[in-house]
Amino acid sequence: MPTDSTPTTEAATSTDPAPRIEFEDVEKKFGKTTVLKDLNFTIGRGERVTLIGPSGSGKTTILRLLMTLEDLTDGYIWVDGDPLTHDRRDGKRVELKPKQIAQVRKRIGMVFQQFNLFPNMSVLDNITEAPIHVLGQSKDEAKENALTLLDRVGLRNRADAHPTQLSGGQQQRVAIARALAMDPEILLLDEVTSALDPELVGDVLGVLEDVAETTDITMLIVTHEMQFARDVSQRVMMFDGGQIVEEAPPEEMFTRPKNERTQKFLEAII
Ligand code: ADP
């Protein structure tokens, strides 16, 4: 892990703070299939960006790379100017050690389509697990934080329940509380309402809108909920074939898309 006094990137040497997230020449292959190639983009601190595009265009892969759930085939991902998995040293690309990766990775939280709660643990234990074991919080501190977060997502009275006793929407709100308990700088949301019955979607989006309004957490959002994208994000990036084909503020993207592929995609889903 580079120290503050040994900047590893050009961005880190500039007087401007490094972007919160930078993808530099990112390539991702699954076997022989190239899913992302020469992908370059930056996300600013506190920015909320929605990724849209047809199924298979690489949106989830981008989130999973940030979460280090997938290996990066080539290129670099920087978080606040720090390398996530690979650093550039003497012009060479060097893979970081698992401990170094974990240091940066813990600044990032993710909420998945399928909630992914631990089924054998109570709601409270689901939320306090990582703060205790990864951040080293005391049990009391982690519990107090968890209860505050459960209040925020409207589920304090379900702290002792098990995930199977909750509706999908409630489970997803617990998953959001669990991600927030790690006090992330970056929150990744991967189609978090896609597995929910329609009547449960509103509560989950309401919680996320509250998080967007009341925190400066940088958010990367994959969603088909265009009204939500409009309400919470400052920028929308349209992907096709692993490339950004257009990006614009939501109002512009949804009312006056310039690219033909964006127009077709939005016509089909709106
Ligand atoms: P999106 O989120 O835009 O629907 P994904 O990032 O999920 O797209 O997928 C991009 C491409 O990568 C798709 O063609 C998908 O089939 C492929 N892919 C994703 N994960 C895997 C995997 N684990 N193994 C093989 N191919 C994968």
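So, a few notes on the structure that sits alongside this text. No experiment lies behind these values; they were computed from the predicted model shown.

Quick notes on the rules
- Residues numbered from 1 in each chain as written.
- Predicted model: local features only at pLDDT ≥ 70, side-chain atom pairs only at ≥ 80, totals over all residues.
- Helix = DSSP H or I, 4+ residues; strand = E, 2+ residues; numbered from the N terminus.
- Pairing = 2+ DSSP bridges.
- Axes fitted to C-alpha atoms, helices over the stretch in contact; angles between N-to-C directions.
- Near = placed C-beta within 6 Å.
- Nonpolar A, V, L, I, M, F, W, Y, C, P; charged D, E, K, R; others polar.
- Parallel < 35°, antiparallel > 145°, perpendicular 65-115°, else oblique.
- Left-handed = near helix turned anticlockwise from the far one by under 90°.
- Contact = placed C-beta atoms within 7 Å.
- Buried ≥ 20, exposed ≤ 12 C-beta atoms within 10 Å, placed from the backbone.
- Core = buried A, V, L, I, M, F, W, Y, C linked by C-beta atoms within 7 Å.
- Domains from an automatic or database assignment.

**As for the environment of Lys143**
Logical step 1: Looking at the element boundaries, Lys143 is found in helix H5 (residues 139-152).
Logical step 2: Remark: the alpha-carbon pair of Lys143 and Leu66, spanning 77 residues in sequence, is separated by 28 Å.

**Examining the sheet that holds strand E9 (residues 186-190)**
Logical step 1: Pairing is mixed across the open sheet formed by six strands, whose spatial order is E8-E9-E10-E3-E11-E12. The open sheet is flanked by strand E8 (108-111) and strand E12 (243-248), the only strands paired with a single partner. On average, adjacent strands in this sheet sit at an angle of 20 degrees to one another, irrespective of strand direction.
Logical step 2: Where strand E11 (residues 235-240) and E12 come together, five bridges link them in antiparallel fashion. Following the sheet pairing, Asp240 is matched in E12 by Gln243.

**A word on the site of the ligand**
Logical step 1: What surrounds the ligand is the set Phe30, Val35, Gly53, Ser55, Gly56, Ser57, Gly58, Lys59, Thr60 and Thr61.
Logical step 2: Counting residues per element, the shell around the ligand draws most heavily on helix H2 (residues 59-66), which supplies three residues.
Logical step 3: Looking at the shell around the ligand, its residues break down into two nonpolar, seven polar and one charged.

**Overview of the pairing of strand E2 (residues 33-43)**
Logical step 1: Across seven bridges, the pairing between strand E1 (residues 21-30) and E2 is antiparallel. The residue bridging Lys29 from the neighbouring strand is Thr34, located in E2.
Logical step 2: Here E1 hands over to E2 after two residues, with Gly31 in that stretch at a positive phi of 60 degrees.

**Considering the packing of helix H4 (residues 123-133) against H5**
Logical step 1: At a minimum axis separation of 9 Å, H4 and H5 run at an interaxial angle of 130 degrees. Comparing their axes, H5 and H4 come out oblique. Seen along the crossing, H4 lies across H5 with a hand that is right-handed. Across the interface between the two elements, Leu124, Ile127, Thr128, Pro131 and Ile132 from H4 touch Lys139, Ala142, Lys143, Asn145, Ala146 and Leu149 from H5.

**Side note on unusual backbone geometry**
What you tend to see is this: most non-glycine residues have negative phi, and most peptide bonds are trans.
Logical step 1: One non-glycine residue, Asp25, adopts positive backbone phi at about 50 degrees.
Logical step 2: With phi around 50 degrees, Asp183 is a residue other than glycine that occupies positive phi space.
Logical step 3: Tracing the backbone shows Asp183 in the loop between helix H6 (168-180) and E9.

**Thoughts on the environment of Glu251**
Logical step 1: Of note, Glu251 is situated in helix H9 (residues 250-255).
Logical step 2: Residue classification places Glu251 among the exposed positions, given that 10 C-beta atoms sit within 10 Å.
Logical step 3: Between the C-alpha atom of Glu251 and that of Arg230, which follows or precedes it by 21 residues, the distance is 6.7 Å.

**A look at the nonpolar core**
Logical step 1: Counting 68 residues, the largest nonpolar core has Leu51, Ile176, Ala177, Leu188, Leu189 and Leu208 as its most contacted members.
Logical step 2: Looking at which domains feed residues into this core, each of domain 1 (18-107 + 187-270) and domain 2 (111-183) supplies at least three.
Logical step 3: When residues no more than four places from it in sequence are discounted, the contact partners of Leu188 are Leu63, Leu66, Met67, Ile108, Gly109, Met110 and Leu220.

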